[in-house]
Every structure is written in structure tokens, then in C-alpha cells.
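Listed here are the chains, written in short residue letters.
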Amino acid sequence: MNSLCWNCHEIIRDTVEQCPLCCATSPIYNVAAFKQAIREAGDPSLIRHNFCAVDDSFSHEFGKETIINHVCSRCGADRDEFLNTEWV
Ligand SMILES: [Zn+2]
Ligand SMILES: [Zn+2]
């Protein structure tokens, strides 16, 4: 049985714990996920992203620009968007 994500209304299969589009926890996955989803609905900053460091450094004629981005491996969210929450 599929359900709709409470956060972005993407279709989520009942075999996955988190929405592939926004990482919101699916409340039908299990009891713990149901409780987590309620917390996230009250405070979306609690949505658990799987941030990975991505090296976006590049070279140019004046040297090398070192840029490390933190991007969610699941939904592609950029951690910089969440600087106002607990990621500071
Ligand atoms: Zn979603
Ligand atoms: Zn994510």
C-alpha cells in the first residue's frame, strides 16, 4: 500500500521509512516512524536529512576555489538552506 507524504504529497511506498523527495518520515512505516512523523509535522527542522560532503572545488586562472557543500544523499537538499535551524 502506498501513502502520500504528509509534507510534500509525494507517493511513498510502505517499504521506505523516509520520503525520497523531502526526507520526511513516513508515519505508516512503523510505530517509531509514526511518532517521529508527528514531531516533524510540528517542527519541520526535525526532518532527518542524510547530509554528505560534496567537493565542489574548482580551479581557475587565479588558483583553486575550495568549496565543500553538504547535500542530502536522499532528497538533494542543500544544508545551507537549513542554517537557520540546528545546523548552525
Ligand atoms: Zn515528502
Ligand atoms: Zn533529505
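Residues numbered from 1 in each chain as written. Chains lettered and ligands numbered in written order. Predicted model: local features only at pLDDT ≥ 70, side-chain atom pairs only at ≥ 80, totals over all residues. Heavy atoms only, no water.

## Considering helix 1 (residues 31-42)
For step 1, the next point in the chain: When the terminal C-alpha atoms of helix 1 are compared, their 17 Å separation across 12 residues agrees well with the 16 Å that a helix rising 1.5 Å per residue should span.
For step 2, the next point in the chain: Those residues of helix 1 that fall on the buried side of the exposure criterion are Ala33, Gln36, Ala37 and Glu40. Buried residues of helix 1 fall within an arc of 105° about the axis and therefore sit on the same side. Looking at helix 1, the residues exposed on the side facing more than 90 degrees away from the buried face are Val31, Lys35, Ile38 and Gly42.
For step 3, the next point in the chain: For helix 1, the N-terminal cap is Asn30; the gap from its side-chain oxygen to the backbone nitrogen of Ala32 is 3.2 Å. (Helix = DSSP H or I, 4+ residues; strand = E, 2+ residues; numbered from the N terminus. Expected span 1.5 Å × (residues − 1). Buried < 20%, exposed > 50% of the residue type's maximum accessible area, 1.4 Å probe, protein only. Arc of directions from axis to C-beta. Polar contact = N/O pair within 3.5 Å; in protein donor to acceptor, adjacent residues only side chain to side chain.)

## Describing the side chain of Ser26
For step 1, the next point in the chain: Looking at where Ser26 falls in the secondary structure, it is placed in the loop between strand 2 (11-13) and helix 1.
For step 2, the next point in the chain: Ignoring sequence-local partners within four residues, the contact set of Ser26 consists of Ser3, Ile12, Val16, Glu17, Gln18 and Ala33. (Contact = heavy atoms within 4.5 Å.)

## Thoughts on unusual backbone geometry
For step 1, the next point in the chain: Within the chain, His9 stands out as a residue other than glycine whose phi angle is a positive 70°.
For step 2, the next point in the chain: Tracing the backbone through its elements, the reader meets His9 in the loop between strand 1 (2-4) and strand 2.
For step 3, the next point in the chain: A positive phi is found at Cys23, a non-glycine position, where the angle reads about 75°.
For step 4, the next point in the chain: Mapped onto the secondary structure, Cys23 falls in the loop between strand 2 and helix 1.

## A word on the coordination of the zinc ion (ligand 2)
Ideal geometry at a metal centre: 109.5 degrees between donors when four sit tetrahedrally, and 90 or 180 degrees when six sit octahedrally.
For step 1, the next point in the chain: Protein coordination of the zinc ion (ligand 2) is provided by Cys23 (SG), His49 (ND1), Cys72 (SG) and Cys75 (SG), with donor distances spanning 2.0 to 2.4 Å.
For step 2, the next point in the chain: Linear spacing of the donor residues for the zinc ion (ligand 2) on their chain is C-x25-H-x22-C-x2-C.
For step 3, the next point in the chain: Looking at Cys72, the relative accessible area reads 2%, which means it is buried.
For step 4, the next point in the chain: Judged by its relative accessible area of 21%, Cys75 falls in the partly exposed class. (Donors = N, O, S within 2.8 Å, 3.2 Å for Na, K, Ca; no water.)

## Some details on the coordination of the zinc ion (ligand 1)
For step 1, the next point in the chain: Ligation of the zinc ion (ligand 1) by protein atoms is provided by Cys5 (SG), Cys8 (SG), Cys19 (SG) and Cys22 (SG), these donors lying 2.2 to 2.4 Å from the ion.
For step 2, the next point in the chain: Each of the 4 donor atoms around the zinc ion (ligand 1) contributes to a set of angles spanning 103 to 113°, which defines the coordination as tetrahedral.
For step 3, the next point in the chain: Since its relative accessible area comes to 0%, Cys19 is described here as buried. (Tetrahedral: all angles 85-135°; square planar, octahedral: opposite > 155°, others 65-115°.)

## Regarding the confidence of the model for the protein
For step 1, the next point in the chain: Summary statistics for the protein give a mean pLDDT of 88 and a share of 90% for residues scoring 70 or more.
For step 2, the next point in the chain: Put simply, strand 5 (residues 63-65) is where the protein has its lowest mean pLDDT, 89, and helix 1 is where it has its highest, 97.
For step 3, the next point in the chain: pLDDT under 50 marks residues 82-88. Its contacts with residues more than four places away, or in other chains, come to 10 contacts. (pLDDT = per-residue confidence, 0-100.)

## Quick word on the pattern of salt bridges
For step 1, the next point in the chain: On inspection of all chains with the given rule, the structure shows 1 salt bridge.
For step 2, the next point in the chain: Residue Glu17 is joined to Arg48 by a salt bridge in which the shortest nitrogen-to-oxygen separation is 3.6 Å. With Glu17 in the loop between strand 2 and helix 1 and Arg48 in the loop between helix 1 and strand 3 (51-55), this residue pair connects regions lying 31 residues apart in the sequence. (Salt bridge = Lys/Arg side-chain N within 4 Å of Asp/Glu carboxyl O.)

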